[in-house]
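Listed below, chain by chain, are the residues.
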Amino acid sequence: MKDAWIPFAAKAVPRYTSYPTAADFTTETGAADAQAWAAAAPRGEAISAYVHVPFCETLCWYCGCATSVPNGYRRVGEYVRRLIAETGLWARALEGAGGIGHLHFGGGSPNALRTDDFAALIAALRENFGINPGAEIAVELDPRTMHDGQVEALAAASVTRASLGVQTLAPDVQLAVNRMQPPEMIDRLTADLRASGIRQINMDLMYGLPYQTTQDVVDAARFAVAQGASRVSMFGYAHVPWFAKHQKAIDEAALPDLTLRLEQAEAAADEFRRAGYLAIGLDHYARGDDALTLAYWEGRLRRNFQGYTDDPHETLIGIGATSISQFREGYAQNLKDRRAWNDAVDAGRLPVERGVRLTPDDRLRARAIEQLMCWLSVDVAEVCREMGAAPGSLDDALRRAATLAAAGLCEVTGTRIRVPDAARLFLRTVAQCFDARTPAAPAQRHAKAV
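Just so it is clear, the structure is predicted and the values come from calculations on it, not from any experiment. (Residues numbered from 1 in each chain as written. Predicted model: local features only at pLDDT ≥ 70, side-chain atom pairs only at ≥ 80, totals over all residues. Heavy atoms only, no water.)

Engineer: I'd love a proper account of the overall build of the protein chain, names of residues and values included.
Structural biologist: In terms of regular secondary structure, the protein chain is built from 15 helices and 17 strands. For the protein chain, whose C-alpha radius of gyration is 21 Å, the value lies close to the compact-globule estimate of 22 Å for 450 residues. Seen through its principal axes, the protein chain has C-alpha atoms that stretch 55 × 50 × 40 Å. Each of the 450 residues in the protein chain was classed as buried or not, and the buried ones make up 58%. Put simply, 72% of the contacts in the protein chain that link residues at least 6 apart link residues at least 24 apart. With the model as given, the accessible surface of the protein chain reaches about 18000 Å², and the carbon-plus-sulfur share is 52%. Averaging the coordinates of the 48 positive side-chain charges in the protein chain and doing the same for the 54 negative ones gives two points 3 Å apart. (Helix = DSSP H or I, 4+ residues; strand = E, 2+ residues; numbered from the N terminus. Rg over C-alpha atoms; globule rule 2.2 N^0.38 Å. Buried < 20%, exposed > 50% of the residue type's maximum accessible area, 1.4 Å probe, protein only. Contact = heavy atoms within 4.5 Å. Areas by Shrake-Rupley, 256 points an atom, 1.4 Å probe, with all protein chains shown as cover. Lys, Arg positive; Asp, Glu negative; His and termini not counted. Charge placed at Lys NZ, Arg CZ, Asp CG, Glu CD.)

Shown next, in the form of C-alpha cells:
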C-alpha cells in the first residue's frame, strides 16, 4: 500500500450497491410508481425477493443496519403477520410473475423469528409467488441466538445457504463491540447446518474494529478457511455514529488508523488467496466450487443491495420496513418508520416511502459502475455502445479517472479504466468517477473509502 493512497482512503464514498445510491432517493417517487413498475414487469418472468427482519436479541455496537432489540416477542410476531400481509400486496401488484428464483432473508437477525413464524412466512411466499425449483434461499444468522429446532426449520424450508456473522474471534475486540461468541459456538452451528443438508456456508468478517490487531484479522480469516466457508465477506468497520447512534458506545481512540486498516484488509486478502479462494470485487472471497466463482468466470457476476451475487433477475422485491425494491424503471424503498410501515400494510397499501426513477444517463452510469465493481475493469466506449448512448457520453469519467491514475489507483488506456489488484480496496473511489449525482450529497451519508 502506497503512502500516497492514505488521503484517498479517508474520503467518504458510496458503497455502490446501486446507482443512483439510496442517498438520491426522494419522496417524489413513491407507492404509485412502485405499483406501476410492478404491473409493468414481464408476465412469467421470475423475480428475486429480500425479506428484512429488523430485530436482534442483543445489539452489536458496530452495527449500522436498521435493527432493534424487541424486549419480548410480541412486536416480532406482529411484524411477521404484517410481512405475510405485505407479500400478498406485492403478489397482487406483480400478478403473473414467474415465481421466486432467489430469496434472501436479512436483518437484523432472521433467526430472531420463532420456527413457526419462519415456516408461516415461507409458506406465504410459496403461496403468493411460488418458489421455483433450484432457487437459492439464503438466510443470515447470528450464531449466538440460535434456538432449539431452528436449524431443522431452516432445512425444512429448503434453505440452501446460511450466512454466519463471525466478524472477529478476539475476545477483547468482541467485548468492545458487545458481541461475545467463542469459536466453538460457530463450529457447532456450522456442523449442525451441514448435517441438516445446508452445505453452503458464508461467513462475514470485519477489520478496523476497536482494539483489533492485524493478527486478529488473520486468525479470523484462517478460522473461516478451516471451517470450509464457501464464501467470505471481509467488511471494513464503518464508524458513522451520527447515523448509527449506538456506535457512540465504541471508544474511537481504540479504532485502528487508516494505515493499520489497510494492513489488516491486505493481510486477510493474502490468507484467502493462499487458501485458494478467488478474490471477487471489493470485499468478497469465494471457493472454487462456490456459485459466485462460477458466475465470475462465466461473466454473470452482479452487484445489488445484498452485495456481490449470481442473482440474474431484473425485478427484486423488498419486503419489510426499510427494504428496497428494484425494477427496470427505478428503485423504491419501504417506509423506515415502523409504525408508518405498519399502518400502510394494515390499510392494504404498498408501504413504499421514497425512491428514484432511472434516467437513461443513470442506466448508462450504473452499468459502467457495476462492471468496474465486479471486474475491476470497464471499457467506457463498449458500455456506451451496449447501452445505446452517444460516443463520449462517459468522457467525464475518463477525465476524473486520469486524476486517480496519476496516484496509481487505476490505469486509463484509451477508453478502458482498470483498477490494479493492489488498489482493489479503492474500487469505490474509482467507481465514483462515473457518479454524476453523489458530489452534491452530504459527505456524512457515506463511510470512508477503506
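Engineer: Outline the packing of aromatic side chains, listing residues and values.
Structural biologist: Think of a pair of aromatic rings as described by two things: how far the centres are apart, and how the planes are tilted against each other in angle. Following the criterion strictly, the structure yields twelve aromatic pairs and no others. Summarising the aromatic geometry, the rings of Phe305 and Tyr331 are spaced 5.5 Å apart at their centres and angled 85° between planes, so their arrangement reads as edge-to-face. Of the two residues, Phe305 sits in the loop between β9 (302-304) and β10 (307-309) while Tyr331 sits in strand β13 (residues 330-334), which places them 26 residues apart along the sequence. Judged by its relative accessible area of 22%, Phe305 falls in the partly exposed class. A residue is classified by how much of its surface remains accessible, and Tyr331, at 7% relative accessible area, is buried. Here the aromatic residues Phe25, Phe305 and Tyr331 are joined through ring pairs into a cluster of three or more. One cation-aromatic arrangement involves Arg114 over Tyr73; the distance from NZ or CZ to the ring centre is 4.0 Å. A cation sits over an aromatic face here: Arg303 above Tyr308, 4.5 Å from the ring centre. (Phe/Tyr/Trp six-rings, centres within 6.5 Å; stacked < 30°, edge-to-face > 60°. Lys NZ or Arg CZ within 6 Å of the ring centre and 35° of its normal.)

Engineer: Mind laying out the environment of Ala119, listing which residues take part and the relevant values?
Structural biologist: Note that Ala119 resides in helix α4 (residues 115-128). Once the C-alpha coordinates of Ala119 and Ala157 are considered, the two residues, 38 residues apart in sequence, prove to be 6.8 Å apart.

Engineer: Break down helix α11 (residues 338-346) for me, with residues and values.
Structural biologist: Listed in full, the buried residues belonging to α11 are Trp341, Asn342, Ala344 and Val345. Projection of α11 onto a plane perpendicular to its axis shows the buried side chains occupying an angular sector of 165°, all on one side. Every exposed residue of α11 that faces more than 90 degrees away from the buried side is listed here: Arg339 and Asp343. Buried positions along α11 lie against α3 (74-93) and β13. At the exit of α11 stands Gly348, carrying a positive phi of roughly 80°. (Arc of directions from axis to C-beta.)

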